[in-house]
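Residue-level structural notes
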4 protein chains.
Amino acid sequence: MWKLPVIIVNFKLYPTGAGKRGLNLAKILDEVSRDRDVSIAIAVNSLNFSQIKSVVDIPVLLQHVDAVDYGAHTGRINIDLAKEMGADGILINHSERRLTIADIDYLIQRARELDIISLVCTNNARVSGAIAFLEPDMIAMEPPELIGGDISVSTARPEAIVETIEAVKSVKSVPVLVGAGIKNGQDVKKAIELGAKGVLVASGIVKAKDPKKAINDLVDGMM
Amino acid sequence: MWKLPVIIVNFKLYPTGAGKRGLNLAKILDEVSRDRDVSIAIAVNSLNFSQIKSVVDIPVLLQHVDAVDYGAHTGRINIDLAKEMGADGILINHSERRLTIADIDYLIQRARELDIISLVCTNNARVSGAIAFLEPDMIAMEPPELIGGDISVSTARPEAIVETIEAVKSVKSVPVLVGAGIKNGQDVKKAIELGAKGVLVASGIVKAKDPKKAINDLVDGMM
Amino acid sequence: MWKLPVIIVNFKLYPTGAGKRGLNLAKILDEVSRDRDVSIAIAVNSLNFSQIKSVVDIPVLLQHVDAVDYGAHTGRINIDLAKEMGADGILINHSERRLTIADIDYLIQRARELDIISLVCTNNARVSGAIAFLEPDMIAMEPPELIGGDISVSTARPEAIVETIEAVKSVKSVPVLVGAGIKNGQDVKKAIELGAKGVLVASGIVKAKDPKKAINDLVDGMM
Amino acid sequence: MWKLPVIIVNFKLYPTGAGKRGLNLAKILDEVSRDRDVSIAIAVNSLNFSQIKSVVDIPVLLQHVDAVDYGAHTGRINIDLAKEMGADGILINHSERRLTIADIDYLIQRARELDIISLVCTNNARVSGAIAFLEPDMIAMEPPELIGGDISVSTARPEAIVETIEAVKSVKSVPVLVGAGIKNGQDVKKAIELGAKGVLVASGIVKAKDPKKAINDLVDGMM
């Protein structure tokens, strides 16, 4: 189910990744994963999580949980509840939702205890090496300046991919994904050739005119 | 359905207010609202919202939404999505999730456009008067030092209730609820005698050994 | 010294508003204030405050203080210390340093107790009316979309100035300044004709090639 | 001057660590450092920094700087300005001022470029090992539950000191200080015996009735 390499699609709060349209997108990705026998996972918002989780077989991650125990925390959700509700994993420290390192550490350790996937986003090779010491299940390195842009990390910063993988390997054995500007199969292919175990993608799929075509193109690059 | 006076139960992230137990609590409150023909509403976390909303008739509010439009906002939910998912209202600026005044203003105005209830929490009479100018549907004043404690605002700070109602009335006609330490029917009765249009309660119900008995006691005070 | 109308220059953290260059800029503004007998004040960063305060006669505000009492708050400064160090006032809730309304309220009340000027930044007429209820010494309304831009609030949104002054007046008698995109005397003149009691300006002076010429131009508009 | 082992006194925003009293305390610590030929440094708030720096010879750190370049950042200070104003170093990520790991990384790298000491606070051995990968000049581990308390880390958690030093050593060679509850020479002595290169202390000195006696006691433990 959760095998590498993997394509993780972050729905963000794009209108096409939320509500009914988010549900439809999840079904499309689920279908492509099954049809092509390729590992795809999705990261969705908390309000739509349960509904989406109930209709797909692919792993569903939450985009964020707060680093708190149960208690007097109005407007917060935590990892224990994520687990109870069936979350397969959590995205931690996305560039649009940065956390303190104490909170990142808490979430990684608690994820391990609860047997739920932890995927930590990072911004460069150094920070990736640092996070590796905390032993999350996966690290996704995304150069901030390329996020949401038209040029992919594979094209613009191949050396950053290599450096990240080396930095992580020098500390602990943690699979490295890459993201930022990933748009087509060529970007995926190159990332994997450089040693990445998958990609984190958002607008390239979620904002695509034809998401099915777009994801199939990415899958081509992974074959 | 949404008539005043009202008892609003904030489930926070108490273990008894989340997951299966939160669902059970919602059903109990729904039943009491129906049986006794009294206005009760609940504020729940985002991950449990949809499931709870689907099994109760009482109004269900979200404890928090972010003041953002649809877009590249990983780990955020907004009021437009809350509306699409069926939220009856939103809690804004709870003491455990304070917002900037620019964000409070945005949420109140957008709630009005989307025809969804806005309830803004405040910490004293002055701030309540200020918020009244933004014309939310309701204001809930909770003295921070009494939140989660054993002495209710009705007992400890009755003058704060009166001052808040006067401050708000001097600006705009907005119903005022009060909260903090509300534990029994006597607390509710006194708050309403002082002019409050309801109460915001959390631990008094959610952490009660017998929540059904506890809510019935509160309802007694409202009759 | 602190008479209306006033031009308040926010040094931000522009390189020309910090360190030695910030000190020089402060001296220029001090000199122009004296020479032309016009009310000018400045808002500076905490690290440069004491040095600047010791060499000028014009009022010096801090750009931000935290809403905390003395205590275990590493990396924070408070208003009581600002007073002890000689601050004439504090900027509160600037668009680049937004605060919760509970904190804004705390700072305004404490400023009054300590006899130090409180100037609260707001983003529109509604929020300005709300803040007026808290009775700060002044309100500075700046439409966020115009801050740092080339078109001034006076030109682009004159109706926003009028609405703000009316909203504030309907609540309490608090002088209203305006800001965003203020570049020349014409902008100042128009703002004052519309009822503003002064302007809040930053890049127009701090990033000007010839700040002395730029401030003199603004002063022309106030005469 | 900046030799190891070192006692770093964090003035926080204690009333006895700010304004005139903070200045006096700095002079006392400076004198003790000279008299006893022992390495003492202090971490002070931004508003008092310049004045304190101008009267002492011991290293003066800022308790916090923001991870921003010069620009439109009202109410912020940065490390470049800290350097220009003569700061010897910066405290990064104190438990009362936590930062994202991207910001911690930025500050460490910029500190190295500007030749200014970077001291990163951490909460456990794992996080210390992670931070070591970023190669700050020093790491200060403080178990959060002991900060400000009456039992020192040396007494309550000696194994945490050992684990931290080992975790850090396994990654990079970075000196480790420890803190939390340090009150007397015995606490210092034990920390150093366990391998720490110094201590980070706050209330034990800053809130002491007789700070001179208190610091001399700590120094005894370091001899």
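As the structure is a computational prediction, the values presented were derived from the model and not from experiment.

Here we take up the interface of chain A and chain B. Across the boundary between the two partners, chain A contributes 37 residues, which contact 37 residues of chain B. Summed over both partners, the interface of chain A with chain B buries about 3,000 Å², with 61% contributed by carbon and sulfur atoms. When the area that chain A buries against chain B is broken down by residue, the three leading residues are Leu13(A), Leu47(A) and Thr74(A), summing to 29%. Taken together, the links from chain A to chain B amount to 17 residue pairs in polar contact (both at pLDDT 80 or more). Looking at the side of chain A that touches chain B, the elements with two or more residues in it are helix 1 (19-36), helix 2 (49-53) and helix 3 (79-84) of chain A. Its residues assigned to classes, the side of chain A that touches chain B shows 15 nonpolar, 15 polar and seven charged.

We now examine the sheet that holds strand 8 (residues 198-201) of chain C. Within a sheet, each strand pairs with its neighbour through backbone hydrogen bonds, oriented either parallel or antiparallel. Residues and elements named next belong to chain C. In spatial order, the strands read 1-2-3-4-5-6-7-8; together these eight strands close into a barrel with parallel pairing. In this sheet, adjacent strand axes meet at a mean angle of 25 degrees when their direction is disregarded. The pairing of strand 3 (residues 60-62) with strand 4 (residues 89-92) spans two bridges and is parallel. The residue of strand 4 that forms the bridge with Leu61 is Gly89.

Once that is clear, we can look at the confidence of the model for chain A. If pLDDT is low for a region, its predicted coordinates should not be looked at in detail. Of the residues in chain A, 100% have a pLDDT of 70 or more, and the chain-wide mean is 95. On the interface metric, ipTM, the complex scores 0.94, and its pTM is 0.96.

Residues and elements named next belong to chain B. Along the chain, Thr164 turns up in helix 7 (residues 158-169). Residues Thr164 and Val127, spaced 37 residues apart in sequence, show a C-alpha to C-alpha distance of 8.7 Å. Setting aside residues no more than four positions away along its own chain, Thr164 makes contact with Asn124, Ala125, Ser128, Met141 and Val176.

We now examine the interface of chain C and chain B. If you look at the interface, chain C gives 22 residues, while chain B gives 22 residues. By the criterion of area lost to chain B, the three top residues of chain C are Ile101(C), Arg126(C) and Phe133(C), representing 39% of everything that side buries. Linking Asp105(C) and Arg126(B) is a salt bridge whose minimum nitrogen-to-oxygen distance equals 2.7 Å. Where chain C packs against chain B, one counts four residue pairs in polar contact (both at pLDDT 80 or more). Secondary structure elements with two or more residues in the side of chain C that touches chain B: helix 4 (101-114) and helix 5 (125-132) of chain C. Broken down by class, the residue content of the side of chain C that touches chain B amounts to 12 nonpolar, seven polar and three charged.

The next subject is the relation of the copies chain A and chain B. The two chain copies are related to each other by a rotation about an axis together with a translation along it. Note on the identical chains: chain A maps onto chain B by a rotation of 180 degrees and an axial translation of 0.0 Å, with an RMSD of 0.0 Å. In symmetry terms, the pair is related by a two-fold rotation axis. Taken together, the interface assignments show that 100% of the residues at the interface of chain A recur at the interface of chain B, consistent with an identical surface on both copies.

The next point concerns the side chain of Asn124(C). Within the secondary structure layout, Asn124(C) lies in the loop between strand 5 (117-122) and helix 5. A polar contact is formed between the side chain of Asn124(C) and the side chain of Asp105(B), at a distance of 2.9 Å. With sequence-adjacent residues up to four places away left out, Asn124(C) is seen in contact with Asp105(B), Met141(C) and Thr164(C).

Moving on to helix 7 of chain B. Residue and element names in this part refer to chain B. Its 12 residues place the ends of helix 7 17 Å apart at the C-alpha level, agreeing with the 16 Å of an ideal helix rising 1.5 Å per residue. Buried within helix 7 we find Ala160, Ile161, Thr164, Ile165, Ala167 and Val168. Mapping the buried residues of helix 7 onto a view down its axis gives an arc of 165 degrees, with all of them on the same face. Of the surrounding elements, those touching the buried residues of helix 7 are helix 5 (125-132), strand 6 (138-141), helix 6 (153-156), strand 7 (176-179) and helix 8 (185-193).

It is worth spelling out the environment of Arg21(B) at this point. Residue and element names in this part refer to chain B. Following the sequence through the fold, Arg21 ends up in helix 1 (residues 19-36). Placed 188 residues apart in sequence, Arg21 and Lys209 show a C-alpha to C-alpha distance of 13 Å. Beyond its immediate chain neighbours, meaning those up to four positions away, Arg21 contacts Pro15 and Thr16.

A few words now on the pattern of salt bridges. Across all of its chains, the model carries 60 salt bridges over all chains by this definition. Between Glu159(B) and Arg157(B) there is a salt bridge; the shortest N-O distance is 3.0 Å. Judged by its relative accessible area of 38%, Glu159(B) falls in the partly exposed class. We classify Arg157(B) as partly exposed; its relative accessible area is 27%. Close ionic contact of Asp66(D) with Arg76(D) constitutes a salt bridge, the shortest N to O distance being 3.1 Å. On the criterion of sequence distance, the pair formed by Asp66(D) in the loop between strand 3 (60-62) and helix 3 (79-84) and Arg76(D) in the loop between strand 3 and helix 3 is long-range, its members being 10 residues apart. Given the relative accessible area of 22%, Arg76(D) is considered partly exposed. Taken together, the shared-partner salt bridges in this structure form one network comprising Asp30(A), Arg34(A) and Asp57(A).

Moving on: the arrangement of the chains. With respect to C-alpha atoms, chain A approaches chain C no nearer than 16 Å, and the pair has no contact. The two units chain B and chain D are non-contacting; their minimal C-alpha-C-alpha distance is 16 Å.

When chain C is brought onto chain B, the operation consists of a screw motion whose angular component is 180 degrees and whose axial shift is 0.0 Å, with 0.0 Å RMSD remaining. Mapped onto chain B, 100% of the interface residues of chain C are again interface residues, and the two copies thus contact each other with one and the same surface.

In this section: the packing of helix 5 of chain C against helix 7 (residues 158-169) of chain C. Residues and elements named next belong to chain C. Where helix 5 meets helix 7, the axes come as close as 8 Å, and the angle between the chain directions of the two elements is 25 degrees. It follows from the interaxial angle that helix 5 and helix 7 lie roughly parallel. As helix 5 packs across helix 7, the resulting crossing turns out to be right-handed. Facing helix 5, whose interface residues are Ala125, Ser128, Gly129 and Ala132, helix 7 presents Glu163, Thr164, Ala167 and Val168.

Right, let's get into the pairing of strand 7 of chain B. Residues and elements named next belong to chain B. Residues Val176 and Val178 line one face of strand 7 and the alternating positions Leu177 and Gly179 line the opposite face, and both faces are buried. Pairing of strand 6 with strand 7, which is carried by three bridges, proceeds in the parallel orientation. Bridge pairing in strand 7 places Ile139 opposite Val176. Relative to strand 8 (residues 198-201), strand 7 is paired through two bridges, and the arrangement is parallel.

Residues and elements named next belong to chain D. Interhelical geometry of helix 1 (residues 19-36) versus helix 10 (residues 211-222) gives an angle of 35 degrees and a closest axis separation of 10 Å. The crossing of helix 1 and helix 10 is right-handed. Counting all contacts with helix 1, which are made through Leu25, Ile28, Leu29, Glu31, Val32 and Arg36, the residues of helix 10 involved are Pro211, Lys212, Ile215, Asn216, Val219 and Asp220. Taken together, the residues of the contact of helix 1 with helix 10 break down into seven nonpolar, one polar and four charged.

About the cut-offs
Residues numbered from 1 in each chain as written. Chains lettered and ligands numbered in written order. Predicted model: local features only at pLDDT ≥ 70, side-chain atom pairs only at ≥ 80, totals over all residues. Heavy atoms only, no water. Contact = heavy atoms within 4.5 Å. Buried area = accessible area lost by both parts, 1.4 Å probe. Polar contact = N/O pair within 3.5 Å; in protein donor to acceptor, adjacent residues only side chain to side chain. Helix = DSSP H or I, 4+ residues; strand = E, 2+ residues; numbered from the N terminus. Nonpolar A, V, L, I, M, F, W, Y, C, P; charged D, E, K, R; others polar. Pairing = 2+ DSSP bridges. Axes fitted to C-alpha atoms, helices over the stretch in contact; angles between N-to-C directions. pLDDT = per-residue confidence, 0-100. Salt bridge = Lys/Arg side-chain N within 4 Å of Asp/Glu carboxyl O. Least-squares fit on C-alpha atoms with pLDDT ≥ 70 in both. Expected span 1.5 Å × (residues − 1). Buried < 20%, exposed > 50% of the residue type's maximum accessible area, 1.4 Å probe, protein only. Arc of directions from axis to C-beta. Parallel < 35°, antiparallel > 145°, perpendicular 65-115°, else oblique. Left-handed = near helix turned anticlockwise from the far one by under 90°.

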